[in-house]
Amino acid sequence: MYGLVNKAIKDLVVENHGQEKWQEICTAVGFEESDFISMSPYPDKLTYDLVGAASKILKTDANAILEAFGEYWILYTAEQGYGDLLDLSGASFTEFLGNLDMLHLRINNMMPELKAPLFSTQNETKNSVELLYKSHRKGLVPMLIGLIKGLGKRFDMVVQIEELPSAESSEKGLVFKITW
Ligand code: HEM
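Residues numbered from 1 in each chain as written. Predicted model: local features only at pLDDT ≥ 70, side-chain atom pairs only at ≥ 80, totals over all residues. Heavy atoms only, no water.

## Points about the packing of helix H4 (residues 62-88) against helix H7 (residues 141-154)
Right, on to step 1. Contact geometry of H4 with H7 gives a least axis separation of 7 Å together with a crossing angle of 50 degrees. Between H4 and H7, the crossing angle belongs to the class labelled oblique. Here the hand of the crossing between H4 and H7 comes out right-handed. Between H4, through Asn63, Leu66, Glu67, Phe69, Gly70, Glu71, Trp73, Ile74, Leu86 and Asp87, and H7, the contact on the second element is made entirely by Pro142, Met143, Ile145, Gly146, Leu147, Lys149, Gly150, Leu151, Lys153 and Arg154.
Right, on to step 2. Split by residue class, the contact of H4 with H7 holds 10 nonpolar, four polar and six charged. (Axes fitted to C-alpha atoms, helices over the stretch in contact; angles between N-to-C directions. Helix = DSSP H or I, 4+ residues; strand = E, 2+ residues; numbered from the N terminus. Parallel < 35°, antiparallel > 145°, perpendicular 65-115°, else oblique. Left-handed = near helix turned anticlockwise from the far one by under 90°. Contact = heavy atoms within 4.5 Å. Nonpolar A, V, L, I, M, F, W, Y, C, P; charged D, E, K, R; others polar.)

## Re H4
Right, on to step 1. Spanning 27 residues, H4 covers only 32 Å between terminal C-alpha atoms, well under the ideal 39 Å at 1.5 Å per step.
Right, on to step 2. At tyrosine 82, H4 shows its strongest bend, of approximately 115 degrees. (Expected span 1.5 Å × (residues − 1). Bend = angle between axes of the 7 residues up to and from the residue.)

## Examining the coordination of the iron atom of the ligand
Right, on to step 1. In this structure, the iron atom of the ligand receives exactly one donor atom from the protein: His104 (NE2), at 2.1 Å.
Right, on to step 2. Here histidine 104 lies in helix H6 (residues 100-110). (Donors = N, O, S within 2.8 Å, 3.2 Å for Na, K, Ca; no water.)

Structure (structure tokens):
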């Protein structure tokens with residue numbers, strides 16, 4: 001994943017637990033550089049290893065870290081120069097969800113090796129919508145849940161998210177019902 005993701009993990013850890021804990025995590029995964037380069041791609045394994053090491057060292061469930069990270073990402077990207085893009089991606093929560101592929105496509109122009117997930121929305125009602133999520137990666141559902149909660153907060157909404165049953169090998173991906 002692009003360095004921007006690893007940098008956000010670093011920021012989240014340093015903000016909540018301090019620089020020393022972050023150093024321990026870097027040592028545990030064998031990352032010896034002083035920082036990540038936002039616009040450079042890094043192996044996915046590094047990102048998963050950072051979350052795994054953070055989980056052990058901070059004694060926090062890895063899924064809880066991923067969810068907190070997802071929520072943080074909405075604030076972090078706004079501060080890192082993507083605020084206008086976020087503003088343009090939707091004037092309402094549901095409009096924003098419907099524009100997620102467009103958002104990642106714009107990012108893709110700047111980050112050519114981006115492997116963004118695919119999204120679409122369906123069955124919208126006045127207090128719910130279903131989001132289809134298709135990823136190239138495994139294990140990132142807790143991050144998605146954090147992202148959706150963070151996005152809800154951006155629109156002053158408290159959202160509940162429930163994964164709907166779908167076939168294991170479903171071509172369409174996973175379906176989440178979001179209610180507010
Ligand atoms: C301006 C804001 C955003 C930027 C700059 C951004 C950029 C990125 C980047 C760099 C990655 C890593 C993928 C890679 O390096 O190959 C990523 C992954 C991801 N993004 Fe976004 N994103 C943004 C907003 C969002 C929002 C609002 C959502 C959903 C609510 C979202 C959902 C995801 C998910 C779930 C992944 C995990 C990767 C996967 O499932 O394979 N992103 N995004």
